[in-house]
Amino acid sequence: MLKTLYILFVSPILLFQQVNFNKERALIESSKNDSIIIDAYLKIIKGFTPNQTDSINNYFNKASQYATDKKYGRGINLVKATRGNYLVKHGQLSMAETFLTDVVNNSNEKKLK
């Protein structure tokens, strides 16, 4: 009985929570806050299905480039950590290790702004 109620009420909520790509893109264009912009890029990335690798890589590159251009260290590390986790989930362990090791090294080297 409890399982049936869960399926009827909770599952549709989880299934239909989708990223509003237009809202996130508007935030990227209009916001002056680096954290909000990086978060918007990462939300867009999480909204793609796993087989949309070209789009995912494109947005990872855009987020990384933005954080690098702004010299936003925490953003750089957040993008690299998220990309590393994504690669781990998809079995690309050697490439993931590169990103995640870089995050650890950057965190140890300097205090991030």
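Placed above this text is the structure.
What comes next concerns the included structure. Everything quoted here is computed from the prediction, not taken from an experiment.

Moving on to the overall build of the chain. Of regular secondary structure, the chain possesses seven helices and zero strands. When the helices and strands of the chain are placed in sequence order, the string is α-α-α-α-α-α-α. The proportion of buried residues among the 113 residues of the chain is 30%. Residue pairs in contact within the chain that sit at least 24 positions apart in sequence constitute 42% of those at least 6 positions apart. Roughly 8100 Å² of accessible area belongs to the chain as shown, and the carbon and sulfur atoms make up 56% of that amount.

Below, the discussion takes up the nonpolar core. Side chains of a nonpolar character, in soluble globular proteins, are inclined to be buried together. With 21 residues, the main nonpolar core has I38, Y41 and F60 as its most contacted residues. Within the residue set of this core, elements represented by two or more residues are α4 (34-47), α5 (53-69) and α6 (73-89). If you tally residues by element for this core, the top one is α4, at seven residues. Beyond its immediate chain neighbours, meaning those up to four positions away, I38 contacts A63, Y66, A67, Y72, G75, L78 and V79.

Quick look at the layout of surface pockets now. Approximately 220 Å³ is the volume found for the largest pocket. Lining the largest pocket are I45, K46, F48, T49, P50, I56, F60, T82, N85, Y86, K89 and H90. Of all the elements in the fold, those that place two or more residues in the lining of the largest pocket are α4, α5 and α6. Of the residues forming the lining of the largest pocket, the biggest block, four residues, is contributed by α6. Residues of the lining of the largest pocket, tallied by class, amount to six nonpolar, four polar and two charged.

Glancing now at unusual backbone geometry. Residues other than glycine seldom take positive phi values, yet K71 does so here, at roughly 55°. The topology assignment puts K71 in the loop between α5 and α6. Its relative accessible area of 65% is what places K71 among the exposed residues.

Inspection of the entire model under this criterion finds two salt bridges. As a salt-bridge pair, D39 and K43 come within 3.5 Å of each other at their nearest N and O atoms. Taken together, the residues D39 and K43, both in helix α4 and four residues apart, mark about one turn of the helix. When the shortest N-O distance is used, the salt bridge between K80 and D102 registers 2.2 Å. With K80 in helix α6 and D102 in helix α7 (residues 93-109), this residue pair connects regions lying 22 residues apart in the sequence.

Reading guide: rules and limits
The residue numbers shown here count from 1 along each chain, following its written sequence. Local features in this predicted model are restricted to residues whose pLDDT is 70 or higher, and side-chain atom pairs enter the listing and the counts only when it is 80 or higher, whereas totals over whole chains, interfaces and linings include all residues. The side-chain numbers reported here are obtained from all heavy atoms of the structure, hydrogens and water having been left aside. Here a helix means four or more residues in a row that DSSP labels H or I, a strand means two or more in a row labelled E, and each is numbered from the N terminus. With a 1.4 Å probe rolled over the protein chains alone, any residue whose accessible area is under 20% of its type maximum counts as buried; one over 50% counts as exposed, and the rest are partly exposed. Here, residues are in contact when the closest pair of their heavy atoms is within 4.5 Å. Each accessible area value is a Shrake-Rupley result obtained with a 1.4 Å probe; residue values ignore everything except the protein chains displayed when judging cover. Side-chain atoms within 4.5 Å are what join buried Ala, Val, Leu, Ile, Met, Phe, Trp, Tyr and Cys residues into a set we call a nonpolar core. Definitions used for this entry: grid spacing 1 Å over protein atoms alone; cavity, a set of points where a 1.4 Å probe fits but cannot get out; pocket, an open set with protein on both sides within 12 Å along at least 5 of 7 lines; lining residue, one with an atom within 4 Å of a point. Grid points are joined across faces, edges and corners, and a volume is the space filled by probe spheres set on the points. Gly is put with the polar residues, along with every residue not named as nonpolar or charged; the nonpolar set is Ala, Val, Leu, Ile, Met, Phe, Trp, Tyr, Cys and Pro, and the charged set is Asp, Glu, Lys and Arg. Whenever a carboxyl oxygen of Asp or Glu lies within 4 Å of a side-chain nitrogen of Lys or Arg, that contact is scored as a salt bridge.

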